[in-house]
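The chain contents come next:
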Amino acid sequence: MIRAAILDVDGVLTYFRSAWQHLHRVLGTDDWASVNREAYKAGLINYRDWALVDALLWMGVPRTWIEVPITLRRGALELLKLLRDSDVLVIAVSGGLNYTGIPIRGYVNYFISNELVFNEDGSLISVRVNVENKDIVDELVNELGLDWDYVMAIGDSDMDLPMLRRARYSIAYNPVNEEVANTARIIVNSDTLYPIIDIVRAILIK
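Rules used in this analysis
- Residue numbers restart at each chain and count upward from 1, following the sequence in its written direction.
- Side-chain atom pairs in this predicted model are given and counted only at pLDDT of 80 or more, local residue features only at pLDDT of at least 70, and totals for whole chains, interfaces and linings cover all residues.
- Each side-chain value is worked out from all heavy atoms of the structure, with water and hydrogens disregarded.
- A helix here means a DSSP run of H or I that spans at least four residues, while a strand means a run of E at least two residues long, and both kinds are numbered starting from the N terminus.
- Burial classification: accessible surface area is computed with a 1.4 Å probe over protein chains only, and a residue below 20% of its type maximum counts as buried, one above 50% as exposed, and the rest as partly exposed.
- For this analysis, residues touch if any pair of their heavy atoms sits within 4.5 Å.
- Arc definition: directions from the helix axis to the C-beta atoms.
- Counting of polar contacts relies on pairs of N or O atoms within 3.5 Å, with two restrictions inside protein: one atom must be capable of donating a hydrogen and the other of accepting it, and residues adjacent in sequence are counted only when both atoms are side-chain atoms.
- For two strands to be treated as a pair, DSSP must find no fewer than two bridges joining them.
- All axes are obtained by fitting lines to C-alpha atoms, using only the stretch in contact for helices, and the reported angles, taken between N-to-C directions, cover 0 to 180 degrees.

Draft legend 1. Expanded view of the side chain of Asn36. Position of Asn36 relative to the elements: it lies in helix α3 (residues 30-41). The class of Asn36 is buried, set by a relative accessible area of 14%. Once residues within four sequence positions are removed from consideration, Asn36 is found in contact with Ile45, Trp50, Val53, Asp54 and Leu57.

Draft legend 2. Main features of unusual backbone geometry. The backbone of Asp87 shows a phi angle near 60 degrees, a positive value even though the residue is not glycine. Given the relative accessible area of 71%, Asp87 is considered exposed. In the Ramachandran plot, Asn174 falls in the positive-phi region, its phi being about 45 degrees despite a non-glycine side chain. Relative to the elements of secondary structure, Asn174 occurs in the loop between β6 (169-173) and α9 (178-183). Overall, the relative accessible area of 15% leaves Asn174 in the buried class.

Draft legend 3. Layout of helix α4 (residues 47-56). Within the sequence span of α4, burial applies to Tyr47, Trp50, Ala51, Asp54 and Ala55. Taken end-on, α4 shows its buried residues confined to a sector of 125 degrees, consistent with a single buried face. Check the buried side of α4 and you find it contacts α2 (19-27), α3, β2 (89-97), β3 (110-118) and β4 (124-128). For α4, the N-terminal cap is Asn46; the gap from its side-chain oxygen to the backbone nitrogen of Arg48 is 3.2 Å.

Draft legend 4. Main features of helix α6 (residues 76-85). All buried positions along α6 are accounted for by Ala76, Leu79, Leu80, Leu82 and Leu83. An end-on view of α6 places all buried positions within 160 degrees of arc, on one side of the element. Close packing links the buried residues of α6 with β1 (4-8), α1 (9-13), β2, β5 (151-155) and α10 (194-204). Within two residues after α6, Asp87 carries a phi angle of roughly 60 degrees, on the positive side.

Draft legend 5. Structural view of the sheet that holds β5. Spatially, the 7 strands line up as an open sheet ordered β4-β3-β2-β1-β5-β6-β7, and their pairing is mixed. The sheet terminates laterally at β4 and β7 (186-188), the two strands that pair on one side only. Averaged over all pairs of adjacent strands, the angle between their axes in this sheet comes to 25 degrees, without regard to strand direction. Docked against the sheet, α2 engages β2, β3 and β4, running at close to 55 degrees with respect to β2.

Next up, the structure:
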């Protein structure tokens, strides 16, 4: 039985693996962003500083430019509806940015991400870093009094490893490496989320 489902957003519910990179491509700041990305990879800056300098590239940009339309992966809304209609608590978590939560609003109980902050005229002024790693999910699970034996976790990257290790029903969806694949109980490689829907239905009828 599943009482809660924790779903990674970037790369699972969306086709792009990084909300940061997606927005850089949309706004034409990807060249500068690559410098910040390499500095982080080289250990010259930490995750929080990387997020802050990345957001500086968008300072003053109107909110309407940043909250760009997102194409969800095929089957994403159907999966969320199935979980919601089955009285499963749905937690969406992203190491990316909060604009990715717009199209799934109304389908999730909790959405955890980093937050872009705008001033009164609707232009970007800063970023609030809420997710340096997904250990924050463990804190929420404890706060809600949930038992990991009744939790499903779906992720694709290293940031998802903590929840994939703890959840009884763990699914690596198009995993980025062998460690992610080997950590999960189930591996799914697909362009759509329909195979996940079939798995959820099978678990729900147990």
